[in-house]
Amino acid sequence: MNANQPESVIGGKSFTAVAVNCAAKAGEWIKSKSGNITQLDTKYSAQDLVTEVDKGAERMIRNLVATHFPDHSFLGEEGVEPGPKASAKALEAVSDAEYLWIVDPVDGTTNYVHGFPFYSISIALAHRGEVIVGVVYDPSRDELFVAERGKGAYVHGRKMSVSQEETLSQSLVATGFPADPHAALPANLADIQAIAPKVRNLRVAGSAALHLAYVAAGRLSGFWEHNLSAWDVAAGSLLVQEAGGRMSDFGGEPYQLAVRNVLASNGRIHDELSRELTST
Ligand code: IPD
Ligand code: CA
Ligand code: CA
């Protein structure tokens, strides 16, 4: 093995195998608890929900990762104080980590609570700030999206490619309503007002990680959202890139973990979407 390359196998299990195992195990458990939530709380705002399942799934993933890679760092949504400031600060605090697991145990908790079957488990591994493994799992459809840097992105073992649309008028795009109703919601409504009339149609399905997986799979032409956290985006960002798409901030600057205003696309419509997002 080249000494400059990140070591991908420790103790016989590859990083990707552990990520997939964590997502599958947590996913199965989360699905089994669906409809039987006993503890529903709010966090940063009345729209920001958390259940005992979010917390239990994160614990399960954290323990599994620690079993295989005890020296690795871990950033999970439920281990961080609520709100955008605390989330940016928590990422900053682990910016020196050699290996960092970035985990959202349930992305789409509102959907999960309401029985709307569009939520996911999002697990990424970053090496010195660069995402090298990304796994997004949708337990409702049993769809596992996996990417390794430089090796492509796959769903159910099939290689994924982004879609071919060249213009917004041919595009199906998605966005998300953030849990912060004050600053981000009015800004996003302005974006929607500008973009909705220009695209074929718009979806707001409620899981940023799954929206990104759908961009990678060519099911959506693009996606944007204000004020996301690293755990919403890290895994999906690698899926999109490895499927041939583009990840950036709204202005088109390349995506890195601290980017919160996220734009993902098939690449072809990226500049057009970016122009809309920076002129609203
Ligand atoms: C949320 C989902 C949702 C997005 C919100 C996120 P959570 O994550 O990704 O689609 O619009 O901004 O906070 O709270 O369900 O993990
Ligand atoms: Ca999330
Ligand atoms: Ca979550």
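Criteria and cut-off values
Residues numbered from 1 in each chain as written. Chains lettered and ligands numbered in written order. Predicted model: local features only at pLDDT ≥ 70, side-chain atom pairs only at ≥ 80, totals over all residues. Heavy atoms only, no water. Donors = N, O, S within 2.8 Å, 3.2 Å for Na, K, Ca; no water. Buried < 20%, exposed > 50% of the residue type's maximum accessible area, 1.4 Å probe, protein only. Pairing = 2+ DSSP bridges. Helix = DSSP H or I, 4+ residues; strand = E, 2+ residues; numbered from the N terminus. Right-handed = clockwise from strand over helix to strand, strands pointing away. Polar contact = N/O pair within 3.5 Å; in protein donor to acceptor, adjacent residues only side chain to side chain. Domains from an automatic or database assignment. Contact = heavy atoms within 4.5 Å. Buried area = accessible area lost by both parts, 1.4 Å probe. Near = heavy atom within 4 Å. 1 Å grid on protein atoms, 1.4 Å probe; cavity = no way out; pocket = protein on both sides within 12 Å on 5 of 7 lines; lining within 4 Å. Sits in = over half its atoms within 2 Å of the grid points. Phe/Tyr/Trp six-rings, centres within 6.5 Å; stacked < 30°, edge-to-face > 60°.

Considering the coordination of the calcium ion (ligand 2)
Piece 1. Protein coordination of the calcium ion (ligand 2) is provided by Asp 104 (OD), Asp 107 (OD) and Asp 232 (OD), with donor distances spanning 2.1 to 2.2 Å.
Piece 2. Taken in chain order, the donor set of the calcium ion (ligand 2) reads D-x2-D-x124-D.
Piece 3. Between the calcium ion (ligand 2) and the calcium ion (ligand 3), a spacing of 3.8 Å is present, and a bridge between the two is formed by Asp 104.
Piece 4. On the basis of relative accessible area, Asp 104 is assigned to the buried category, the value being 1%.

Thoughts on the coordination of the calcium ion (ligand 3)
Piece 1. Ligation of the calcium ion (ligand 3) by protein atoms is provided by Glu 77 (OE), Asp 104 (OD), Asp 104 (OD) and Val 106 (O), these donors lying 2.2 to 3.2 Å from the ion.
Piece 2. Look at where the donors of the calcium ion (ligand 3) fall in the sequence and you get E-x26-D-x1-V.
Piece 3. Owing to a relative accessible area of 1%, Val 106 belongs among the buried residues under this scheme.

Let's talk about the sheet that holds strand S11 (residues 158–159)
Piece 1. Ordered by their spatial adjacency, seven strands build an open sheet running S5-S6-S7-S8-S9-S10-S11, and the pairing between neighbours is mixed. The strands lining the two open edges of the sheet, one partner per strand, are strand S5 (73–76) and S11.
Piece 2. In the sheet, strand S8 (residues 130–138) pairs with strand S9 (residues 143–148) via six bridges, with the strands oriented antiparallel. Residue pairing across strands places Asp 138 opposite Glu 143, the latter belonging to S9.

Considering the pairing of strand S6 (residues 99–107)
Consecutive side chains of a regular strand alternate in pointing toward one face of the sheet and then the other.
Piece 1. Among the nine residues in S6, nine count as buried, and that is most of the element.
Piece 2. In terms of strand pairing, S5 meets S6 through four bridges, oriented parallel. The partner of Phe 74 across the bridge, within S6, is Trp 101.
Piece 3. Assessed by its sense of winding, the connection that carries the chain from S5 through helix H3 (residues 84–93) to S6 is right-handed.
Piece 4. Strand direction decides the pairing type here: S6 and strand S7 (residues 120–127), joined by seven bridges, are antiparallel. Looking at the pairing, Asp 104 lines up with Ser 122 of S7.

Here we look at the side chain of His 270
Piece 1. Its location among the elements puts His 270 in helix H8 (residues 270–279).
Piece 2. Among the polar contacts made by the side chain of His 270, one reaches the side chain of Ser 265 at a distance of 2.7 Å.

Here we look at the domain arrangement of the chain
Piece 1. Domains assigned within the chain are domain 1 (9–159) and domain 2 (168–279).
Piece 2. Of note, the centres of domain 1 and domain 2, computed from C-alpha atoms alone, are 20 Å apart.
Piece 3. The partner domain 2 presents 31 residues to the 45 residues of domain 1 that form the contact.
Piece 4. Summed over both sides, the interface of domain 1 with domain 2 buries roughly 2800 Å², with 68% coming from carbon and sulfur.

Considering the site of ligand 1
Piece 1. Around ligand 1, 15 residues are found, and the nearest of them are Asp 107, Gly 108, Thr 109, Gly 206 and Glu 225.
Piece 2. In the model, an oxygen atom of ligand 1 is placed 3.3 Å from a nitrogen or oxygen of the Glu 77 side chain.
Piece 3. Judged by the proximity of its atoms to the pocket grid, ligand 1 belongs to the largest pocket.
Piece 4. Top element by residues in the shell around ligand 1 is S6. It accounts for three residues.
Piece 5. Formed jointly, the shell around ligand 1 draws a minimum of three residues from each of two domains, domain 1 (9–159) and domain 2 (168–279).

With respect to the packing of aromatic side chains
Piece 1. Counted according to the given criterion, the structure contains six aromatic pairs.
Piece 2. Three or more aromatic residues link up through ring pairs in this structure, and these residues are Phe 15, Phe 69, Tyr 99 and Trp 101.

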